[in-house]
Amino acid sequence: MWWFTKYVYADEEEPEEDVEDEEEEEEEDPEDVRPQLEEFCKPKCVKAWVAYQECTDRVSKDTTGEAHCTGQYFDYWACIDHCVGPKLFKELK
């Protein structure tokens, strides 16, 4: 009967120890520092934020429905990205 168990269990793979899983457990998950850097940079982009807020006030009073503040919104986030970029890449490994 030894040949029977050999052929029956030959199709099943034997569980192997995953060396990769052990290595992954040892490594720490990277932390996203971008949100903290964005909060740090927001005070530096007050001028763009004020322009966006003024635009949203104008748009809220617009009755045609065609006005928007997309440009000011992107200007604000471009300012933040310009500030965050160099700091973020210093943090990367």
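Please refer to the structure higher up on the page.
The paragraphs below set out a description of the structure included in this document. None of these values were measured; they are calculated from a predicted model. (Residues numbered from 1 in each chain as written. Predicted model: local features only at pLDDT ≥ 70, side-chain atom pairs only at ≥ 80, totals over all residues. Heavy atoms only, no water.)

Examining the nonpolar core
(1) Moving on: Of all hydrophobic cores here, the largest spans 10 residues; its members are V33, L37, C41, C45, A48, Y76, I80, C83, V84 and L88.
(2) Moving on: Elements supplying a minimum of two residues to this core: α3 (34-41) and α5 (70-91).
(3) Moving on: The greatest single-element share of this core, amounting to 5 residues, is contributed by α5.
(4) Moving on: Residues in contact with A48, not counting those within four places in the same chain, are D75 and Y76. (Core = buried A, V, L, I, M, F, W, Y, C linked by side-chain atoms within 4.5 Å. Buried < 20%, exposed > 50% of the residue type's maximum accessible area, 1.4 Å probe, protein only. Helix = DSSP H or I, 4+ residues; strand = E, 2+ residues; numbered from the N terminus. Contact = heavy atoms within 4.5 Å.)

As for the state of the cysteines
(1) Moving on: A complete count under the given rule lists 3 disulfides for this structure.
(2) Moving on: Paired by a disulfide, C45 and C79 hold their sulfur atoms 2.1 Å apart. For the disulfide bridge between C45 and C79, the dihedral angle about the S-S bond is near -90°, and by the sign convention the bridge is left-handed. Here C45, found in the loop between α3 and α4 (46-61), pairs with C79, found in helix α5; they are 34 residues apart in sequence, far enough to count as distant.
(3) Moving on: For C45, a relative accessible area of 1% gives the class buried.
(4) Moving on: The partner cysteine of C55 in its disulfide is C69, sulfur to sulfur 2.0 Å. (Disulfide = S-S within 2.5 Å.)

With respect to the environment of P35
(1) Moving on: As for its position among the elements, P35 is in helix α3.
(2) Moving on: As a C-alpha pair, P35 and V84 span 49 residues in sequence and 9.4 Å in three-dimensional space.

Quick look at the packing of aromatic side chains
(1) Moving on: Evaluation of the coordinates by the stated rule reveals 5 aromatic pairs.
(2) Moving on: On the basis of an interplanar angle of 45° and a centroid distance of 5.7 Å, the ring pair of W49 and Y52 is categorised as tilted. Note that W49 and Y52 are positioned in helix α4 at a spacing of 3 residues, about one turn of the helix.
(3) Moving on: Ring centres of Y52 and Y73 lie 5.8 Å apart, and the angle between their planes is 55°; on these two criteria the pair is classed as tilted. Note that Y52 is positioned in helix α4 and Y73 in helix α5, a separation of 21 residues in sequence.
(4) Moving on: Among the aromatic residues, those joined into a ring-pair cluster are W49, Y52, Y73, F74, Y76 and W77. (Phe/Tyr/Trp six-rings, centres within 6.5 Å; stacked < 30°, edge-to-face > 60°.)

These figures come from the coordinates and say nothing about function on their own.
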